[in-house]
Amino acid sequence: MLSFDAAPDELQLFLQEAEEQLQLLDQDIVLLEKEGARPELLQEIFRAAHTLKGSSASIGHTKMASLTHSMENVLDQLRHGQLESTTELIDALLKSLDALRLLKEEVETLQDCGFDPSELVTWLNAIAAQGRDAQPNGTSAGSGTPPVGRPDLIGVDGYRVVVKIAEDCPLLAARCLQLYLEASSFGSVVWCSPSLDAIERQQASNTMQMVVRTGQMEEMVRALETLPDINEVTVDLAEAGQELGATSTTTEVADSEAKVAMLSIVKSQEPELAGRVNGTGAKSLGKTVRIDVERLDDLMNLVGELVIDRTRLAQLGGQLQSKYDDLSIGDLTETSQHIGRIVDELQESIMKARMLPVESLFNRLPRVVRDLAQRSGKKIDFVVEGRETELDRSVIEELHDPLVHLLRNCVDHGIESTEGRAAAGKPEIGRIRLSAMHRENRILLHVEDDGAGIDPAKIKSTAVRKGVLTQEAAERLSDQEATELIFAPGFSTATTITDVSGRGVGMDIVRTNIEKLNGTVAVESKVGEGTRFTLELPLTLAIIDALMVGLSDQILAIPLVSVVETIRVRRSEIQWINRRQAIQLREQVLPLIGLDRALGLPAASTADDRVFVVAVRVGDNRFGLVVDSLLGELQVVIKSLGRQVGTIAGVTGATILGDGRVALILDVPSLVKCVLDEQSKGWAA
């Protein structure tokens, strides 16, 4: 078992921050290859690597610190123009990023992953050496070589930076150290006063001087000016041999030591800081706090219980008011309504706390597309829109695999080869667009490409060849129905199996996983123009709006997102069409499904000539669920059926009603699929 030089809570903080930096690097390195070496982008990448190096060294993770240090050397030469952004360089950075994720897992599991980064370090050092060889004197602009000779003389040219810190700064030593680290991210700090040794001993002053070698002086000054408690930043040229003051000493300290020093300084000054939080001139502290997601889940469960009791209180209040004409009953009802409003506000607040921008998911996908494109030998422009769209974290966690499968399909099957696009008169570079947007209480995700599209004739031919359909059944399918066959289990039009696709499991997984989230997936395609997949999902999985229906002696909940409309028809209007019960609804045929038979419930014994039908949408198709009664809409809390009950086909969970009864929540897509499968088996027999 591995051990690190940090307490468990410090390791957790490291893991959280490391994941943020790794995601940032993943996104920005792919962007670097796409957009080129923009100074702002390079600076952001360098800072992320710099932060990872310092934090990993501070917990004693030497392998991770060594690898990030080598990455930092390459990035430093890249931002100073000694290297160009080549495919080899990007590949080295991305492979190093994959290695960093492995090494991060060692902190999570405290187990050696068995990975040795020495080969990657050698590769990165070789790339960095190319940049050093390009220098006239064989030295890098960001090498940070400490000056030699008298300690009060600067040994190299650079910028002399003087920073005035506010007199009432509560964390003076920490602020000085923060200035040093910020300046270091733009270049090489070759001299500072007070020295880092003095700062670590908390012998700081309100004036800090540094000599910095950097090619981004203006950007550095802007960054320093935005730090808290900074009153003034001045810069002038510092020439070699210039006297800087005998009271200062030249110090070269590793960034990891600087970070440890900052932590110790902050901890030692916590009492002083706490006493000055509300004082005059004190800077406002951060207004965010990290919280374990399990606590949010627990809060959501408790709010769910309150929602159930709120409904119960409303029912009891209504019953008492109808039975007794008493002023106190009215007061009780008013209080119950007030509690209901508070519960609604609490529920909304907790739901917002669970919401995250889909950016956290989308940022991982450009790398996926980049790698797939390279392996396929295709050129692809990947466009992402709507990163700021918010979604429940539990839904985001389940979306990664379906989106990867869709993107894999777009790259392998959608976008043509370079030669194929040229023959079709299309631009050499194909385009894949991923977008997110809100629609009422739902979220829409679009994945589209400008590729070859889906050929219905080819789909039908493949389905017949693989025995999915008979020739007669295939001929009866419309083009849209044929296109929908790509979601059938094991279906693939690929002629060869590759490491990208061809096994026929991807699209089946997409639909299955999306339907588990009470969502739907639809596909639109035009031959020669491209394909668009649309995923429609609920904002949250914890509480849903449902239509409550009665069936025999049971109450069932149908998620409102699946409901199109409700109708009441005479039994005489129900007809048999292709061995299925159906009704005519506005010149369209609506197939019917009897819920009593589908769920194994006894048929209702009623003499009523009319029945209720709930029209539901499953993909691009509509079906009618036959029920005994409609009980109205209700907000319900989804509860798991538990291991004792197990999985029931067509049922996604249960909810507790206000009167204590349990109602099953239907999984409409799964229910319809099961019924159609059973009917198909019956007809085949």
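Peer 1: Sorry if this is basic, but what is going on with the packing of helix α1 (residues 8-35) against helix α14 (residues 365-376) here?
Peer 2: A pair of packed helices can be characterised by two numbers: the angle between their axes and the separation between those axes. Running from N to C, α1 and α14 cross one another at 45°; their axes reach a closest spacing of 9 Å. Classified by the angle their axes make, α1 and α14 are oblique. Facing Asp-26, Val-30 and Glu-33 of α1, the residues of α14 in contact are Pro-366, Arg-367, Arg-370 and Gln-374. In the contact of α1 with α14, the residues fall into two nonpolar, one polar and four charged.

Peer 1: Looking at this model, I keep getting lost on the nonpolar core. Mind explaining?
Peer 2: Generally speaking, soluble globular proteins have nonpolar side chains that are buried together. The biggest cluster of nonpolar side chains holds 48 residues, and the ones touching the most others in it are Phe-362, Leu-399, Leu-403, Leu-445 and Leu-535. Looking at this core, the element that brings in the most residues is helix α15 (residues 393-414), giving nine residues. Contacts of Phe-362, omitting those with residues within four sequence positions, involve Val-384, Glu-385, Gly-386, Arg-387, Leu-403, Leu-434, Ala-436 and Leu-445. In this structure, Ala-18, Ala-99, Leu-100 and Ala-128 belong to the second largest nonpolar core, which totals 40 residues.

Peer 1: Would you mind going over unusual backbone geometry with me for this structure?
Peer 2: Peptide bonds are trans in most cases, and residues, glycine excluded, mostly fall at negative phi. Look at the link from Ser-193 to Pro-194: it is a cis peptide, with omega at 0°. Locating Pro-194 in the fold gives a position in the loop between β2 (187-193) and α7 (196-200). With a phi close to 70°, Asp-229 is a non-glycine residue in the positive phi region. Summarising the element assignment, Asp-229 is placed in the loop between α8 (217-225) and β4 (230-238). Note on Asp-229: relative accessible area 4%, which makes it buried. Despite not being glycine, Arg-586 shows a phi value in the positive range, around 50°. Structurally, the position occupied by Arg-586 is in the loop between β16 (580-585) and β17 (588-594).

Peer 1: Explain the side chain of His-61 here, please?
Peer 2: Relative to the helices and strands, His-61 is located in the loop between α2 (39-58) and α3 (62-79). At a separation of 3.0 Å, a polar atom in the side chain of His-61 contacts the main-chain carbonyl oxygen of Leu-103. In this structure the side chain of His-61 is engaged in a polar contact, spanning 3.4 Å, whose partner is the side chain of Glu-106. Discounting residues that sit within four places of it in the chain, His-61 has contacts with Phe-4, Ser-56, Leu-103, Glu-106 and Val-107.

Peer 1: Even after reading the chapter, I still don't get the side chain of Asn-363, so can you show me in this structure?
Peer 2: Following the sequence through the fold, Asn-363 ends up in the loop between α13 (359-362) and α14. Relative accessible area serves as the criterion here: at 7%, Asn-363 is assigned to the buried category. For Asn-363, the contacting residues outside a window of four places in its chain are Gln-27 and Arg-387.

Peer 1: I'm lost on the sheet that holds strand β11 (residues 530-538) in this one. Help?
Peer 2: Whether parallel or antiparallel, the strands of a sheet pair through hydrogen bonds between backbone atoms. Across the sheet, five strands lie side by side as β6-β8-β9-β11-β10; this open sheet has mixed pairing. Sheet topology places β6 (380-385) and β10 (520-526) at the edges, where each strand pairs with a single neighbour. Between one strand and the next, the sheet's axes are offset by a mean angle of 15°, whatever the strand orientation. Where β6 meets strand β8 (residues 430-439), six bridges bridge the pair, whose relative direction is parallel. Of the residues in β8, the one forming a bridge with Phe-382 is Ile-432.

Peer 1: Help me understand the pattern of salt bridges in this model?
Peer 2: One pass over the structure, following the stated rule, counts 34 salt bridges. Notably, a salt bridge pairs Lys-53 with Glu-72, separated by 2.6 Å at the nearest N-O pair. Placement of Lys-53 in helix α2 and of Glu-72 in helix α3 is noted, with a sequence separation of 19 residues between them. The same class applies to Lys-53 and to Glu-72, which are both buried. The partner of Asp-76 in a salt bridge is Arg-79, and the shortest N-O contact between them spans 2.9 Å. Placement of both Asp-76 and Arg-79 in helix α3 is noted, with a separation of three residues, approximately one turn of the helix. Through salt bridges that share partners, Glu-33, Asp-91, Asp-98, Arg-367, Arg-370 and Asp-371 make up one connected network.

Rules and cut-offs
Sequence order as written defines residue numbering, which begins from 1 separately in each chain. Totals for whole chains, interfaces and linings use all residues, but because this is a predicted model, local features are given only for residues with pLDDT of at least 70 and pairs of side-chain atoms are given and counted only at 80 or more. Hydrogens are left out, water is left out, and the side-chain values use all remaining heavy atoms of the structure. Only the stretch in contact is used when fitting a helix axis, every axis being a line fitted to C-alpha atoms; angles between N-to-C directions are given from 0 to 180 degrees. Each helix is a run of DSSP H or I of at least 4 residues and each strand a run of E of at least 2, with the numbering of both proceeding from the N terminus. Throughout this description, any angle smaller than 35 degrees is read as roughly parallel, any larger than 145 degrees as roughly antiparallel, any in the 65 to 115 degree range as roughly perpendicular, and the remainder as oblique. Should any heavy atoms of two residues lie within 4.5 Å, those residues are counted as being in contact. Here the nonpolar group is Ala, Val, Leu, Ile, Met, Phe, Trp, Tyr, Cys and Pro; Asp, Glu, Lys and Arg are the charged ones; every other residue, Gly included, is treated as polar. For this analysis, a nonpolar core means a set of buried residues of the types Ala, Val, Leu, Ile, Met, Phe, Trp, Tyr and Cys, connected via side-chain atoms within 4.5 Å. Relative accessibility thresholds used throughout: buried, under 20% of the residue-type maximum; exposed, over 50%; partly exposed, between the two (1.4 Å probe, protein chains only). In the analysis that follows, any N or O atom pair within 3.5 Å is treated as a polar contact, provided that within protein one partner can donate a hydrogen and the other can accept it, and provided that, for residues neighboring in sequence, both atoms belong to side chains. Strands qualify as paired when DSSP identifies two bridges or more between them. What makes a salt bridge here is a side-chain nitrogen of Lys or Arg within 4 Å of a carboxyl oxygen of Asp or Glu, nothing more.

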